[in-house]
Amino acid sequence: MWIKKIKLKNYRPYRNVEVNFQSPEENNFNIIQGTNGAGKTTFLNAITWCLHGKEPSIDTNKLLLNNIKKTELKPGEIAEVKVRIKFNNLEIVRKARFKKGEEGGVMRIPPENRIYRDLDGKTSELKAFETTPRGDKEIKNPELIIDQKIPKDLRKYFFFDGEKLKEYFEEEDRKEIKKAILDISQISLFDEIIRRIDKTKRSKIDSKLKKLSSDVEEIINEIEEKIEEKERKEEKLKEKENKKKEIKKKIKEINNELKESLDKLEPGDVDNLQTERMKLEEELNRKNDKLNELKEQKNEFLCKKAPFIRLHNCTKKIKEKINEKKEAGDLPPKYKESFLRELIEEKECICGADLNKENRLDNLKKKLSKKNKISNISEELSALKPELRQIIEDNQEFIKKRKEITGKIKDLKRNMSEKEDRIERIENKIKGIDQKQIKALSKQREKLQDKKSTIQKRIGRIEGGIENLDDKIKELKKKKSKELKSQKKQRETRNQLNFAEKALNAAKEIKSEVMREVREKVERNTERQFMELMWKEHAYKKVEISKNYSISVKNSRGEEAIGVLSAGEKQALALSFMAALNKVSGFEAPVIIDTLFGRLDDEIRNSIASNLSEYLSGRQIIMLVTGTEYTNNVRKRLSEAVATEYKIDYKEFEGKGEKAKIINM
Amino acid sequence: MSKIDRISIQEEDWGKYEEIREREESPLKGSQNKILYLLALSLGFKYDMKSDELKNKKGFVRLDTLSEKDKALIKVLAIEESDTLEVLDDKAQVYEIADKYATGGVGLLYEGVFSNEPGEYFKKMEEELVGLAEDFSENN
């Protein structure tokens, strides 16, 4: 992967700059020369800002926006900072937007802000495009694709400051070396794998195992117990059923025996007949009482009626006699005898007339003598008459009433007779039967029936118990099944645990192996690069990176020489180490080196320049150099590898800001 | 003339009444005195068995225990015997006539009660009454 073009817009001193690079296939070096403070490191930062949003070694409080642009902005206006890096197959664009406030302050607009969004509908500062034969195609996750090409963590091994290289081998060299090797080994991936496996193991598998109980055995035992109990009950049930069957058989036998004995009997048995007979007899007794009652009623009726019937004709005659009297006008009388007697005694009528006159008194006396006793009993006769009429009517009803009572008696007698007949028939049926035996059989049968009933009750209870046990077994089986599932889950979880543990160990082993391998590769490459860079080739024989990541350089005599290396030798060693890391990393990213030659003396600078193109061949190198380090000797030695040379033209405008241009040399 | 408040029997007949009323085999056992009196009266009348004037009278049934119909029957007998309605004017005579017939009839009653087989008494009575009733129904 190599950079074809870098476009900077309003990025710090670079207002509108475009730098093109060639394919590294032929000449892989690109030189950008600038004085100190002209914007070399800023250029490097523009690249890291575009890729990773970071600007190493820069005061980030300073606004990205070019100061001149910032000054030019009017309140409410929006300006854009944009860095575009076009690789051979990828284009990355990062932009930031700024707005000048009413009071002159300029603020960066966050991408989630509505103002930012309103400009082009986008909510992200970063974009990536894949270069395809049909044109550029936007990539959805630009961060991801950048990390795949130039991982953030490894960036410092591709874009670095030469003057800081020697820091690797200073006091805490071991720590830095180890970190570099770990970074380049992408060990963090293994660490992440290990961390995740461990976390999964602890948080999910271990806790799951804790939750999964293993009381299936207990449940199985309980089920077994219940089944055994059920079997025992079933056995008991069977026993009782057999007993019941036996009893039924016996009852049947007794019934047969009774039937044989009572062959002529109607369906039923002696007991029934006897019961019936008893009932009939009781009923007969009751009927008999009723009959007697009716008879008594009839006798009483006869007794009461007899005098009246016997005197009926006489009664009738007297009644007629009274009627005759009535018809003759004697009843009721015109006046009472006592009234006549009173008038005769008083000799004066109630109207005051003198009865002595005109023979009135004699006439009254005659009337009195003629007056019979009827007048005195007329009231009695009047009262007697209806009684007689009633007597006669009652007498005439005699036949009817007597018939009614007699009818009742007859009905009762007929009914009684039927019952007596039935009793007689029953007696005739029972007659000749061995009553004692029947009684004994009946009693036996009764006992058996009681027994059967008791057994039936017990059977019911046992059946109920079996049903309960069935329910319980069913419930336990469900529980067991659930537990089994849980156990299966437990097994699976244990397998997961084993797998996780194995995976963890494997990841640790692989990590260790990879680290060892990377360390050895870095060691070999560093040694090779260092030997190539060193002009005193004969002086150093071996470069070693120990297991604990301490670096040592052995001289021809096998002695440790790291402590006696010159500053230039240390820079060469660091550059070798860096180049080794770069190579071992496997990433084909361009290398951008800022101020590589720095304070090196000419000899080492020339040596490095002579060998640099060799050991980083095929890789695009962009070197940011000052005029003092990019000497004619260096230029001469690199000339065959250099594709382009640029110069940064930096100007400061007082009170407004700075402006840098990158121009072809 | 003392007011009549009860009907009387002859003291000699008391035993008969008592036997008819008390004896176990009597079909009329437990009957009221007035029933027995009227039965005897009616039998006396039927068979025209009238005693002479009662010598040793013994009160037997209080008049207030008799129904109006019972009293009417006694009056009918008196009217029939005296052949005049006026007899009613003499209450003593009315009951004297009744007493005579009852005294005359008690012997028949006693005989009927005790001379027949058990059950025969009422059977005969029933036959008698049915016969009489049928007769007067026919003549009605």
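Structural notes on the pattern of salt bridges
All names here are of chain A.
Right, so step 1: Here the structure, examined in full by the defined rule, presents 44 salt bridges over all chains.
Right, so step 2: A salt bridge links D411 to R414; its shortest N-O distance comes to 2.6 Å. On the criterion of helical spacing, the pair formed by D411 and R414 is a turn pair, its members being three residues apart in helix α12 (residues 374-430).
Right, so step 3: Across the pair K521 and E517 runs a salt bridge, and its minimum N-O distance is 3.9 Å. Here K521 pairs with E517, and both are found in helix α13 (residues 435-533), just four residues apart, close to one helical turn.
Right, so step 4: Each of K5, K7 and E18 takes part in salt bridges that share partners, so that together they form one network.

Thoughts on the packing of helix α1 (residues 14-22) of chain B against helix α4 (residues 91-115) of chain B
Residue and element names in this part refer to chain B.
Right, so step 1: Where α1 contacts α4, the axes come no closer than 10 Å and their chain directions differ by 35°. Our pair here, α1 against α4, has a crossing hand that is left-handed. For the pair α1 and α4, the contacting residues are K16, Y17, E19 and I20 in the first and A102, V106, G107, L109, Y110, V113 and F114 in the second.
Right, so step 2: Looking at the contact of α1 with α4 residue by residue, the class counts come to eight nonpolar, one polar and two charged.

A closer look at unusual backbone geometry
Right, so step 1: In this model, R12(A) sits at a positive phi of 45°, which is unusual for a non-glycine residue.
Right, so step 2: Looking at the element boundaries, R12(A) is found in the loop between β1 (3-11) and β2 (14-20).

Things to note about the confidence of the model for chain A
Right, so step 1: In this model, chain A carries an average pLDDT of 82, and 90% of its residues clear a pLDDT of 70 or more.
Right, so step 2: No element of chain A has a lower mean pLDDT than helix α5 (residues 173-184) of chain A, at 70, and none a higher one than β1(A), at 94.

Considerations on the nonpolar core
Right, so step 1: Residues F43(A), V522(A), I608(A) and M623(A) are the most contacted members of the largest nonpolar core, which totals 103 residues.
Right, so step 2: The biggest single contributor to this core is helix α14 (residues 567-585) of chain A, with 10 residues.
Right, so step 3: Among the nonpolar cores identified, the runner-up in size contains 74 residues, and A306(A), L381(A), L412(A) and L36(B) belong to it.

Considerations on the pairing of strand β10 (residues 540-545) of chain A
All names here are of chain A.
Right, so step 1: Sheet topology places β10 next to strand β11 (residues 551-555); five bridges connect them, and they run antiparallel. Looking across to β11, one finds that K542 is bridged to K554.
Right, so step 2: Turn length for the β10-β11 hairpin, with the two strands adjacent in sequence and antiparallel, is five residues, and the turn residue Y549 shows positive phi of about 65°.

Observations regarding the packing of aromatic side chains
All names here are of chain B.
Right, so step 1: Applying the stated criterion across every chain yields a total of 10 aromatic pairs over all chains.
Right, so step 2: Seen in terms of ring centroids, Y121 and F122 are 5.2 Å apart; in terms of plane orientation they differ by 75°. Their pairing is edge-to-face. Taken individually, Y121 and F122 each receive the classification buried, so the pair is uniform in this respect.
Right, so step 3: Every member of this aromatic cluster is reached through a ring pair, and the members are W14, Y17 and F60.
Right, so step 4: A cation sits over an aromatic face here: K58 above W14, 4.9 Å from the ring centre.

Examining the interface of chain B and chain A
Right, so step 1: Counting residues at the interface gives 37 residues for chain B, matched by 40 residues for chain A.
Right, so step 2: Taken together, both faces of the contact between chain B and chain A bury some 3600 Å²; the carbon and sulfur share is 71%.
Right, so step 3: The largest contributions to the chain B side of the interface with chain A come from K69(B), L85(B) and F136(B), which together make up 19% of the buried area.
Right, so step 4: Where chain B packs against chain A, one counts seven salt bridges.
Right, so step 5: A salt bridge links K321(A) to D83(B), with the nearest nitrogen and oxygen atoms 3.0 Å apart.
Right, so step 6: Mapped onto the side of chain B that touches chain A, the elements with two or more residues apiece are α2 (33-46), α3 (68-82) and α5 (120-138) of chain B.
Right, so step 7: Considering only residue class, the side of chain B that touches chain A consists of 21 nonpolar, four polar and 12 charged.

Digging into the state of the cysteines
Right, so step 1: If you walk through the whole model with that rule in mind, you get zero disulfides over all chains.
Right, so step 2: In this structure C349(A) is not part of a disulfide, and its nearest cysteine sulfur, from C351(A), lies 3.4 Å away.

Looking at the pairing of strand β6 (residues 106-109) of chain A
Put simply, side chains in a regular strand alternate between the two faces of the sheet.
Right, so step 1: Summarising the sheet, strand β5 (residues 90-100) of chain A and β6(A) pair through four bridges and their orientation is antiparallel. The residue bridging F98(A) from the neighbouring strand is R108(A), located in β6(A).

Description of α4(B)
Right, so step 1: Look at α4(B): 35 Å from first C-alpha to last across 25 residues, which is about the 36 Å you get at 1.5 Å a residue.
Right, so step 2: The largest bend in α4(B) amounts to roughly 30° and is located at G105(B).

Some remarks on helix α4 (residues 142-149) of chain A
All names here are of chain A.
Right, so step 1: Those residues of α4 not exposed but buried are P142, I145 and I146. On an axial view of α4, the arc spanned by its buried residues comes to 100°, and they lie on one face. Facing away from the buried side of α4 by more than 90 degrees, the exposed set consists of E143 and L144.
Right, so step 2: Packing partners of the buried residues in α4 comprise α1 (40-52), β5, β7 (126-132) and β8 (135-139).

Thresholds, definitions, all that
Residues numbered from 1 in each chain as written. Chains lettered and ligands numbered in written order. Predicted model: local features only at pLDDT ≥ 70, side-chain atom pairs only at ≥ 80, totals over all residues. Heavy atoms only, no water. Salt bridge = Lys/Arg side-chain N within 4 Å of Asp/Glu carboxyl O. Helix = DSSP H or I, 4+ residues; strand = E, 2+ residues; numbered from the N terminus. Axes fitted to C-alpha atoms, helices over the stretch in contact; angles between N-to-C directions. Left-handed = near helix turned anticlockwise from the far one by under 90°. Contact = heavy atoms within 4.5 Å. Nonpolar A, V, L, I, M, F, W, Y, C, P; charged D, E, K, R; others polar. pLDDT = per-residue confidence, 0-100. Core = buried A, V, L, I, M, F, W, Y, C linked by side-chain atoms within 4.5 Å. Buried < 20%, exposed > 50% of the residue type's maximum accessible area, 1.4 Å probe, protein only. Pairing = 2+ DSSP bridges. Phe/Tyr/Trp six-rings, centres within 6.5 Å; stacked < 30°, edge-to-face > 60°. Lys NZ or Arg CZ within 6 Å of the ring centre and 35° of its normal. Buried area = accessible area lost by both parts, 1.4 Å probe. Disulfide = S-S within 2.5 Å. Expected span 1.5 Å × (residues − 1). Bend = angle between axes of the 7 residues up to and from the residue. Arc of directions from axis to C-beta.

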